[in-house]
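Inside the fold
The chain contents come next:
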Amino acid sequence: MDANSDEKLRRAAWPARRRLTAVHRLLLMLIVSVQLTGAAVEVLVAAVDLPVTADAPRASVLYYRDGRTVLARAGVGGHTDVALGEIPLGVRRAVLAAEDRDFYDHWGISVRGVVRAGAADARGGHQGASTITQQYVRNAYLTRQVSIRRKVTEFAMAMKLERRLSKDEILRRYLNTIYFGRGAYGVAAAADAYFGVPVQQLSAEQGAVLAAVVKDPSYFDPAVNPGPARERWDWIIASMRERHWLDRPGEYPAARPRPGGADPGGLVVEQVERELAAHGVTSQQLYAGGLAVTTTLDPRAQAAALRLAGAALAGQPGGLRAALVAVDPGTGGVRAYYGGDKGRGYFDDAAAPHPPAATFAPVALAAGLRNGIGYLSRWDGRSPRLFADRGGVPLANRDGEQCPDCNLQEAMVRGLNTPFYALAQQIGADRVRATALDLGVPAAYGGRTALVDRPGEPRPGRTRADIAIGRYPVSPADLATVYATFAAGGVRQDRHFVESASTGGRTVWAARPQPVRVLDERIAADVSAVLHAVVDRRGLGPARPAAGKTGSQQWGNTHDNQDAWMAGYTPQLAVAVWFGRLVPGPILDADGHPVEGGTLPAQLWRDFLGTALQDQPPAAFPPAAHVGRIDTGDAGRTGDPDSLGRAAAAAAGPIVVRTAHAGRTLALTFDDGPSQYTRTVLDVLAQYHVTATFCVVGDNVAANPQQLRRIVAAGHAVCNHSAHHDALGHAPAEQARADIVATDAAIEAAAPGTTVTYFRAPYGDWGPTPKVAADLHHTPLGWTVDPGDWTLPGPEAIVAAVLRQLTPGAVVLVHDGGGDRTQTIAALRVLIPRLLAMGWSFDRPAVTVPPAPPAPPSGPPAAAPSASAVPESLTPATAPPSATASPSATPSPSATPGETPGEPPEPGTEPSDGPASEAAGPAGECAPDADQDCMTSA
């Protein structure tokens, strides 16, 4: 079942449950009366007619919103009646244990069942009271309408049926007519649908799986909700054992995958089924009751969604997926829905949560407006910036975009991260979350609280300012609701698929819109003004007024994306589009380029809106209301962009991201070595008399000890970069300590007496490591400039990225290991002389923790490197004196909060020492390193 909407649908079912409470009370009173006066039984039973034959199962028809055009048919599959003796006893007992343990002891009505149901109602819960006889009567002769009259009729007909038929015959009819889900009507069809066997071959354990789904075929299907399905199976098995119907149960049986086919409309049928079930219309009634269901879908819009989504994916790399959801802002009705092309039984991408990236910035904007912050307020949009709650991990704008004095509209148009993060931090992340819930994001997904850190993340159960840059997952369907609320001027309508359901001309369910104002209309007008500027200035929209936002969620610490979005609206229609993968990973287009929000998603969004609305005249947005003050931003108030980070440094130990000395200085740091490329890197540094810092991996030190000795002999600083390049952010402090100690030991073994000044966490995943490293006399070392050389973008791109991101006192991160480093070396040959010509000086990073003194030699001194190993040009350089810089920030894991799980691959094993040529060794993919925290972009 779609866990995203489960909670909302179950809330919607409460009115029906309250009605059931009254019915249970009435039945209890009626049963007591019956016990007192046998004459009342005869009167009641005689008053009802029991048809000779039961209604045959009939397929239901789903219509588009016009009530005439057929959208889909929902009907039973092959149906075969079987004799009761052909159904194994264990299967029959499993169904009895689940549905009616007293079946052979009552006369059609279970007094104990009604009492249990009444007690459950009194406790605020819900428990069915119907016997198998009542269920059969209801399915065969009556409707599912919840009313006192229908319940009394059911009561009388059940007693009349018990007089007419034997218990075995009632059970046979029940098992042959009950709906088990997957289009299976009757136990014989269910045996094939779930296990691919004839009914005669079912085991008791398999029978318990089938018995579990009777209660709610859409929810307890083991392929949909394996956890709840297994829990109900366990309960049924326990009930069977309690009644001595089963001695030693076997293992939980594996069911077949759900059937599916190339029918995207099947996902709509599933959504309709769940929505109707929440309102008391069961799957049995949908698939066998001959309903006429009028949906909210528009034939033109749905046809456009299916055609255009298919065209957008055609010719793209395998594994690329898409979703599109269109919602009517005025009613909440879903006008188009595409969650994949496989249809029923397959994964629904439109209902699955993904990090929304920058498409969530408008939610932060709305929260800011709610708190009196105008969209023309000015903010510091420099990149990177350090914030007090990020533990020294810098937050950057995509491509290092800079805007030191930027209003929020400009920041939205340019897709900047830092202003919206600062906005969320200023007003409080909880207020952004509250705004998101008001706009239409559910409070939970799959039973897990939405928009908060999960266990293992920095603040489990709490919301951090990362919410403003879209790190917490939401589904495309829910994002469409959020944007529909903006389009409706701040009025939220519950998203729904069903207008009405009827049978025989009688309505069994009809939607009743319940609009709720959640934003002041002036605030909604300001959000629309900002998002209209995004679409207008970036040329994203159709030929009509439109508002929207793109978003791209970065994949790990790479230059690729894992999710790409476009969400927006006109006054008539709100649409959210998503591209990604089933398992998060890099998404590339047919030309090998990263899929960005402004590419495939924006094209699909624009083409869909143009087609869906082609018969509707353009509608204008209301003018901006300019809510709030414009003197509330932080532009010009942050001073040094690192000041916020330094303010929090005492919380868990400093992470240095500055050079030792002030002025036009930078610190050049290398990660993932030593490797076969380190020799050439050292040659380039020696040529320009540059001192650098090398963050070495224990395994690579053991494989390349000679290169470490050359680093030390040349006077470069040494930094501990873990033993195996494993992420340590979620490791216990003891494990992190053991890792750092092991790396120190490897360094000591390769180059005795080496001073290890710094520690840098792999992948920037700090966790407990800053304090552990400081206790071991290492200064935790971060970075502020990351040109992404490990992605092999080309030497020119590496040089340009450094120059774009560089600020005085910066710590620059490049690599001498972890893959093919020929591009890095070529970039260094250009970059270093250019920086020197521009007046930059190369410095070491600041030291905040005095390093441990070298250990005294315990044996004969190690042999000095040979002249061939240490060229004359690599004599120790004069390093600048050590200086202590202010600590920069508290540590926190760099694992992206709310990001769907999935880590980039580990680095490959480095080749051993080889020729000094920079081209030596095989080229290889460079895995993400201790890089800057993942970014989102416009």
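Residues numbered from 1 in each chain as written. Predicted model: local features only at pLDDT ≥ 70, side-chain atom pairs only at ≥ 80, totals over all residues. Heavy atoms only, no water.

The chain goes by Transglycosylase domain-containing protein in an unreviewed UniProt entry, where it is assigned to Dactylosporangium vinaceum.

Our focus in this paragraph is the environment of D405. For D405, the position within the fold is in strand 7 (residues 403-407). Taking the C-alpha atoms as reference points, D405 and R378, 27 residues apart in sequence, are found 6.0 Å from one another. Setting aside anything within four residues of it in sequence, one finds D405 in contact with R378, W379 and A635. Side-chain polar atoms of D405 contact the side chain of R378, separated by 2.6 Å. (Helix = DSSP H or I, 4+ residues; strand = E, 2+ residues; numbered from the N terminus. Contact = heavy atoms within 4.5 Å. Polar contact = N/O pair within 3.5 Å; in protein donor to acceptor, adjacent residues only side chain to side chain.)

This brings us to the nonpolar core. One finds Y569, F579 and F608 to be the most contacted residues of the largest nonpolar core, which totals 126 residues. Excluding residues that lie within four positions of it along the chain, Y569 makes contacts with Y483, F486, A487, V527, S528, L531, A546, A547, A574, W605 and F621. Judged by nonpolar contacts, the second largest core, of 55 residues, contains I132, V187, Y194 and F195. (Core = buried A, V, L, I, M, F, W, Y, C linked by side-chain atoms within 4.5 Å. Buried < 20%, exposed > 50% of the residue type's maximum accessible area, 1.4 Å probe, protein only.)

Let us look at the packing of aromatic side chains. A full pass over the atoms with the stated rule returns ten aromatic pairs. Geometrically, the ring pair formed by F103 and Y104 is edge-to-face, given 5.0 Å between the ring centres and 80 degrees between the ring planes. With relative accessibility at 43%, the residue Y104 sits in the partly exposed group. Seen in terms of ring centroids, Y569 and F621 are 5.7 Å apart; in terms of plane orientation they differ by 85 degrees. Their pairing is edge-to-face. Linking Y569 in strand 15 (residues 561-569) with F621 in the loop between helix 21 (600-612) and helix 22 (643-647), this pair joins segments that are 52 residues apart in sequence. A single burial state applies to Y569 and to F621, both of which are buried. A cation over a ring is seen here: K167 above F103, with NZ or CZ 4.5 Å from the ring centre. One cation-aromatic arrangement involves R232 over F220; the distance from NZ or CZ to the ring centre is 5.6 Å. (Phe/Tyr/Trp six-rings, centres within 6.5 Å; stacked < 30°, edge-to-face > 60°. Lys NZ or Arg CZ within 6 Å of the ring centre and 35° of its normal.)

Applying the stated criterion across every chain yields a total of 32 salt bridges. The partner of E99 in a salt bridge is R232, and the shortest N-O contact between them spans 3.6 Å. Of the two residues, E99 is situated in helix 4 (residues 89-99) and R232 in helix 11 (residues 226-242); the sequence distance between them amounts to 133 residues. This pair shows no difference in class: E99 is buried, exactly as R232 is. Its salt-bridge partner being D634, residue R385 comes within 3.1 Å of it at the nearest N-O pair. Remark: D634 occurs in the loop between helix 21 and helix 22 and R385 occurs in the loop between strand 6 (378-381) and strand 7; sequence separation between them is 249 residues. Pair check on accessibility: R385 and D634 agree, each one buried. Each of R390, D453, R464, D466 and R471 takes part in a single network of salt bridges with overlapping partners. (Salt bridge = Lys/Arg side-chain N within 4 Å of Asp/Glu carboxyl O.)

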